[in-house]
Amino acid sequence: MKKVTIDQLVIGEGDPKIIVPMVDRTEEALLATAAQISQLDCDIVEWRIDFFEKVEKPEIVAELSHQLKIALNKPLLITFRTHQEGGVLPLSDEKYFELYQTVIAEGKADLLDLELFMPEVLVAQTMEAAQQKGIKVVMCNHDFDKTPAKEEIITRLRAMQEKGADICKIAVMPQSSADVLTLLDATREMSETYADRPLITMSMGALGMVSRVSGQVFGSAATFGSAGTASAPGQVPVNELRKILKTLAI
């Protein structure tokens, strides 16, 4: 199993790592939130730039990423979540990749989120550029409507791995407790049979909350906790999440 190392943090080793999202709209609010999160017991911070009011100005995003990295003093994951996968701002593919190219060239990120079903050639080019700069790529897929069959979840995770992502991530929406079991069993089978790098998987919403705290049992290497406004349904407040993870580790 390949591990992903960022400074002193090793993803894919030990307890699941806690990722906290920032979803503020303004520079001032983001810097204030970053100062707050810097004091929290979390491992990685995700900046959801699709919430940022100036996201369509890539140079401002890149410049602010430097300030946020200093304020946080933690590994920074930069994510533009597309509208079709639950993001807040519709953006053309051309603008999406232009934004990421600027972040890679001029910004400060430790990890970059890339969606599996974006145009394949552009994804490959962006991933290569990021990895050449030492930026780890989290390739992901989100289904806010349903939970695909176990075989389909595994197929998507394996596709991310085959494309060369450093971390493979999938989030799905359960309609029943059986759907949560489907996600967990897919995670277990992927981890035990196919994965050679860290996975992040989750079943969303209140129904799927158990999947966010059981990674060490089934093979998910990280989970998302909220420090205020959650970026997806079912996120547990970070302080409670750490307690739960430590209890389950016992």
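Rules and cut-offs
Residues numbered from 1 in each chain as written. Predicted model: local features only at pLDDT ≥ 70, side-chain atom pairs only at ≥ 80, totals over all residues. Heavy atoms only, no water. Helix = DSSP H or I, 4+ residues; strand = E, 2+ residues; numbered from the N terminus. Contact = heavy atoms within 4.5 Å. UniProt positions renumbered as here; feature names shortened; annotations may be inferred. Buried < 20%, exposed > 50% of the residue type's maximum accessible area, 1.4 Å probe, protein only. Pairing = 2+ DSSP bridges. Axes fitted to C-alpha atoms, helices over the stretch in contact; angles between N-to-C directions. Salt bridge = Lys/Arg side-chain N within 4 Å of Asp/Glu carboxyl O.

1. Focus on the side chain of Thr 102
On the secondary structure map, Thr 102 appears in helix 3 (residues 93–106). Sequence-distant contacts of Thr 102, that is, excluding residues within four places in its chain, are made with Pro 58, Glu 59, Ala 62 and Gly 107.

2. Here we look at the UniProt feature "active site" (unreviewed entry) in the protein chain
UniProt records the feature "active site" (unreviewed entry) at His 142 and Lys 169, using the numbering of this structure. What stands out for the annotated residues spanning 28 residues is how close their C-alpha atoms remain, the widest pair being 8.6 Å apart. With respect to the helices and strands, His 142 occurs in strand 7 (residues 136–143). On the accessibility criterion, His 142 (11% relative accessible area) is buried. Filtering out sequence-adjacent residues up to four positions away, His 142 remains in contact with Arg 81, Glu 85, Lys 169 and Ala 171.

3. Considering the UniProt feature "binding site: 3-dehydroquinate" (unreviewed entry) in the protein chain
As recorded in UniProt, the feature "binding site: 3-dehydroquinate" (unreviewed entry) lies at Glu 46, Trp 47, Arg 48, Arg 81, Arg 212, Ser 231 and Gln 235. You can see Glu 46 is positioned in strand 4 (residues 44–48). Classification of Glu 46 by relative accessible area gives buried; the value is 2%.

4. Description of the sheet that holds strand 8 (residues 167–172)
What the 9 strands build is an open sheet, ordered 9-8-7-6-5-4-3-10-11; its pairing is parallel. Looking along the sheet, the strands with just one partner apiece sit at the ends: strand 9 (199–203) and strand 11 (236–237). Here 2 bridges tie strand 5 (residues 76–79) to strand 6 (residues 111–115), and the two strands are oriented parallel to one another. Pairing of Ile 78 across the sheet is with Leu 112, part of strand 6. Sheet strands in contact with helix 4 (residues 120–132) are strand 6 and strand 7, and its direction is about 175° off that of strand 6.

5. Some remarks on the pattern of salt bridges
Applying the stated criterion across every chain yields a total of 17 salt bridges. With a shortest N-O distance of 3.8 Å, Arg 25 and Glu 53 are connected by a salt bridge. Here the residue Arg 25 occupies a position in the loop between strand 3 (17–22) and helix 1 (27–37), and Glu 53 occupies one in the loop between strand 4 and helix 2 (58–72), the gap between them amounting to 28 residues. The partly exposed category is assigned to Glu 53, whose relative accessible area is 41%. Measuring nitrogen to oxygen at the nearest pair gives 2.9 Å for the salt bridge that ties Asp 113 to Arg 81. You can see Asp 113 sitting in strand 6 and its partner Arg 81 sitting in the loop between strand 5 and helix 3, a full 32 residues away along the chain. In terms of burial, Asp 113 and Arg 81 fall into one category: buried. A single salt-bridge network, built from bridges that share partners, covers Lys 150, Asp 185, Arg 188, Glu 189 and Glu 192.

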